Amino acid sequence: MKKIYMDHMAVNPLHPEVLDAMLPYLKENYGNPMSLYEYGIKAREAVENARALTADLINAQAKEIIFTASGAESNNFALKGIAFALQNKGKHIIVSKVEHHSILNSARFLEKQGFAVTYLPVDNDGLVNPEAVKKAITDETILISIIHASPEIGTIQPIAEIGRIAKEHKIMFHTDGVASVGNIPVDVQSLNVDLMTFTAHQFYGPKGAAALYVKQGTRIVPLIYGGIQEGGRRAGTENVPAIVGMGKAAEITRKDLQKRIDHITPLRDEIISSALKLDKVILTGHAEKRLPGHASFVVEYIEGEAMLMMLAIKGIFSASGSACSSKALKSSPVLISIGIPVHLAQGSVVFSIGEGTTQEDINFFKETFPAVISRLREISPYSEGWENTEDSTCTVKK
Amino acid sequence: MKKIYMDHMAVNPLHPEVLDAMLPYLKENYGNPMSLYEYGIKAREAVENARALTADLINAQAKEIIFTASGAESNNFALKGIAFALQNKGKHIIVSKVEHHSILNSARFLEKQGFAVTYLPVDNDGLVNPEAVKKAITDETILISIIHASPEIGTIQPIAEIGRIAKEHKIMFHTDGVASVGNIPVDVQSLNVDLMTFTAHQFYGPKGAAALYVKQGTRIVPLIYGGIQEGGRRAGTENVPAIVGMGKAAEITRKDLQKRIDHITPLRDEIISSALKLDKVILTGHAEKRLPGHASFVVEYIEGEAMLMMLAIKGIFSASGSACSSKALKSSPVLISIGIPVHLAQGSVVFSIGEGTTQEDINFFKETFPAVISRLREISPYSEGWENTEDSTCTVKK
Amino acid sequence: MYSEKVMDHFTNPRNVGVMDDADGIGEEGNPVCGDAMKIFIKVKDDVITDIKFQTFGCASAIAVSSMVTEVAKGMTIDEAMKVTKQSLADALDGLPPQKMHCSNLGADALHKAIKDYRNKQGK
Amino acid sequence: MYSEKVMDHFTNPRNVGVMDDADGIGEEGNPVCGDAMKIFIKVKDDVITDIKFQTFGCASAIAVSSMVTEVAKGMTIDEAMKVTKQSLADALDGLPPQKMHCSNLGADALHKAIKDYRNKQGK
Ligand SMILES: Cc1ncc(COP(=O)(O)O)c(C=O)c1O
Ligand SMILES: Cc1ncc(COP(=O)(O)O)c(C=O)c1O
């Protein structure tokens, strides 16, 4: 059976050249970059070379890149690191309601530590209104953090505009770029951001490699204290092979990005247009301001997990709800935030394609998706008018 | 030129079988363990299998293992996670003066957040006195954290005894086992610990793979919030290849540990006895209660970095001061804590050997080390009586 | 994550459909909760002679529904009242822990259908 | 991390040793600080005709010491007073930033030796 991977938002396969670049550091070049002899020096050089390549991808300087082990770590680091660094200036933070859990739950932790957090609503396309950001700012505001692109609905936020507002008010601005960096051109200068999270596994780099861009001169308190790695801002023996892999993946992505976008955009458009021809299938997120490889829907009368399990049986691998936490939640806060009723939010499905996706894959998708929907609708007790069945109480705890 | 790696405390090479175990997860098995289709299921199974193997190494249950990305992360997680979880019970923490920076600096962070920290002294062998732990306990004490073995002086602490005291007082007890796990038999049951940090790179596993053992039923606040990975206690896309590597390395280590110890102990003893024959060379740390592959000295009249650079030129790779932060510090707090005067502490050198070390290597060491010392002493302005040159003010900021 | 039996019942669910002349109908769950099912039974001489289901929910909810119809068909209604969440999970070679409570509505819906039948019978 | 020149001067330091009949001696640093050096000069007609050093310190401290003796030999003392940390670092093809200030005592020790010489000359 052919296997068609349409879950690039969850993780991407390693680019073969990336693995090749990593292998020497998994074998003979095993030194600790902190060591002063040959092995250490080689490892140090490899790390610094990767830092420069990673910086290039987002138009930053090498010294503005702090390597971390995951997007979640970078997000926790950004929020808590700025909050603890600036708590004497103020204790108010602004985020949106469509952030990743690593932002939302860090914000909740900070609330317990005495910070106040504003959670900004979004419109039905999932967009944050820059004017609303401006209105939410108080004298106490020290940090604004808005996701760049949503892995769940694909919507790309007006980061540059929000960044301009933050700058005018001299407030630190972080964006979670996990879903954007490597998928669309990202330039930290033109986006007006002070901090940005991104991960290698979104652009054919390894797991365990991520970064926080921290604009030169920004004060931040470490999340992980210890030795002097990463300029004393993130301790722990450097994961040299993963960092080397991130650098290589960044280098390749910088070169190939436009080609990738040109390849996947029309295929993604075909997914969307074919799906929207089906009865009671709704596109989630913004129609144009969305990630190029990203197609997300809610399908009425059926449930998302069953949909992706049946698609998987046919060989199409996709996600439901938040791409990185399919198991975590029955109904997604992001979908609720864009005004999807709870019963409908259950029928979420996300297809995210990548450079390996072919026209043949899309043809197969176009045959298979309608069949899966039909089959599950046959089994379902619901049809037209089911919104009246919505009941706000669940007897069974989810 | 032959290269003799005597810095196993800094990092170990990957065991070839470990790399073999990792490769499929760097290639075709690239799924995200959170995904519900085949690729995700395979990745999930690999992670859970590795968890069981990792638990076995320390006689824990699989569900008591939380994977992290580094020893520093595990240490930060343990200290802050317990402190924030139990802050309503009390705000006093006990650590020793010979902890790794990731413990000491986490403790300092907690002091800023309103916690009180006792830093226990050690004796001239580097040992914490369990009676002193008992005396330091107050009604407010919520956590004791004592390093298991020192990477810098090799001393192994009486953890089981301290654990018994902690248990009697119903206080959480964490030990930093980075330098011990994989080098000596470690059993969390008989050690009476509630939490333990350890890393894969200490036992021929990959960088970027570490764990925090958290005894069943222990409340801990996440360091990295986000999705539901690691039971909601440590978010971030799992680094599957690294975790698989840690599991495999744990499996091999469990099998080979005694063999490794039997191999390296006599070689280590030869290093020590030959070095102690030299004039004005002093063993640091405990003579018997020390890590089997660990030999550490201070050499009078000369400086440690110069020593290790000259050794490196001859092909012997070693460390000075704290193994993981050779560049961080000019004089090591650990050496000062065991009563070594500052001028002498500058002459620290650490040799840590491993399963690849041969008798031939030791023979070469025995020729080379005295020659390096002699050469540097020729260059040095100091000799007998130099302690009188000690001056507590440094004109140049270090 | 799912057993082969779960996948089999999800892929080829038994007894899917509505029954226009059902003797008893049981409904459990709600789309808001993510899982909802409807069971239709025909009863003759206290024996369940025919049974059908419709389910909105995840793969395991569908598999449990299919399994409950297979198990209950041919049982007396007293026997069928003794079918439990656990016995259905066991019949499917187990369910993932997080699915054990939320998607396992089969027994409840069956019992409701039997109660509905008894109510209609005035018993 | 170190340039080849640094490694060369560390491995084969020039002008190591004491000088019993030095015209000037300069000491800088302290073992507590991790680096200390001693410079001995012989001066004739205001020219440094011979120079020796002893150093306790890291590889770069030794290399800087060696380099300062090489540079200063043959200079007039006025010229030698103009030798700077930076010029020594440059002559060594650079030093790692963290070594730039702490191990770079050569110029200071040289200047102290010259001052000592001048003091002794009563100038
Ligand atoms: C005792 C001890 N604890 C913690 C650490 C930190 O571990 P890592 O560098 O893997 O973060 C080290 C470094 O090797 C160590 O020796
Ligand atoms: C927008 C966003 N932020 C953060 C994360 C967390 O990244 P990671 O899983 O690498 O920790 C994800 C997960 O993919 C994400 O989609």
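Residues numbered from 1 in each chain as written. Chains lettered and ligands numbered in written order. Predicted model: local features only at pLDDT ≥ 70, side-chain atom pairs only at ≥ 80, totals over all residues. Heavy atoms only, no water.

1. Section: the pattern of salt bridges
For side chains bearing opposite charge, pairing can occur when the charged atoms are close.
Residues and elements named next belong to chain C.
No. 1: One pass over the full model with this rule turns up 54 salt bridges over all chains.
No. 2: The residue K112 makes a salt bridge to E28 at a minimum N-O spacing of 3.5 Å. With a gap of 84 residues between them, K112 in helix α6 (residues 106-120) and E28 in strand β1 (residues 24-30) connect regions that are remote in the sequence.
No. 3: Taking relative accessible area as the criterion, E28 reaches 12% and is therefore assigned buried. (Salt bridge = Lys/Arg side-chain N within 4 Å of Asp/Glu carboxyl O. Helix = DSSP H or I, 4+ residues; strand = E, 2+ residues; numbered from the N terminus. Buried < 20%, exposed > 50% of the residue type's maximum accessible area, 1.4 Å probe, protein only.)

2. As for the interface of chain A and chain B
No. 1: Listed by partner, the interface residues are 68 residues for chain A and 69 residues for chain B.
No. 2: Surface buried jointly by chain A and chain B totals about 5600 Å² across both partners, of which 66% is contributed by carbon and sulfur atoms.
No. 3: One can count two salt bridges joining chain A with chain B.
No. 4: One salt bridge in this structure joins E38(A) and K3(B), with 2.6 Å as the shortest N-O distance.
No. 5: The tally of links between chain A and chain B comes to 16 residue pairs in polar contact (both at pLDDT 80 or more).
No. 6: Broken down by secondary-structure element, the contributors of at least two residues to the side of chain A that touches chain B are α1 (16-26), α2 (38-57), α3 (71-86), α4 (101-112), α8 (240-276) and α9 (304-314) of chain A.
No. 7: The residue inventory of the side of chain A that touches chain B, partitioned by class, reads 34 nonpolar, 22 polar and twelve charged. (Contact = heavy atoms within 4.5 Å. Buried area = accessible area lost by both parts, 1.4 Å probe. Polar contact = N/O pair within 3.5 Å; in protein donor to acceptor, adjacent residues only side chain to side chain. Nonpolar A, V, L, I, M, F, W, Y, C, P; charged D, E, K, R; others polar.)

3. Observations concerning the sheet that holds strand β2 (residues 35-44) of chain C
All names here are of chain C.
No. 1: Across the sheet, three strands lie side by side as β1-β2-β3; this open sheet has antiparallel pairing. Each having just a single partner strand, β1 and β3 (47-56) make up the two edges of the open sheet. Strand-to-strand, the axes of this sheet are offset by a mean angle of 15°, without reference to chain direction.
No. 2: Across nine bridges, the pairing between β2 and β3 is antiparallel. Paired with I39 across the bridge in β3 is F53.
No. 3: Lying over the sheet, α6 contacts β1, β2 and β3, oriented at roughly 145° with respect to β1. (Pairing = 2+ DSSP bridges. Axes fitted to C-alpha atoms, helices over the stretch in contact; angles between N-to-C directions.)

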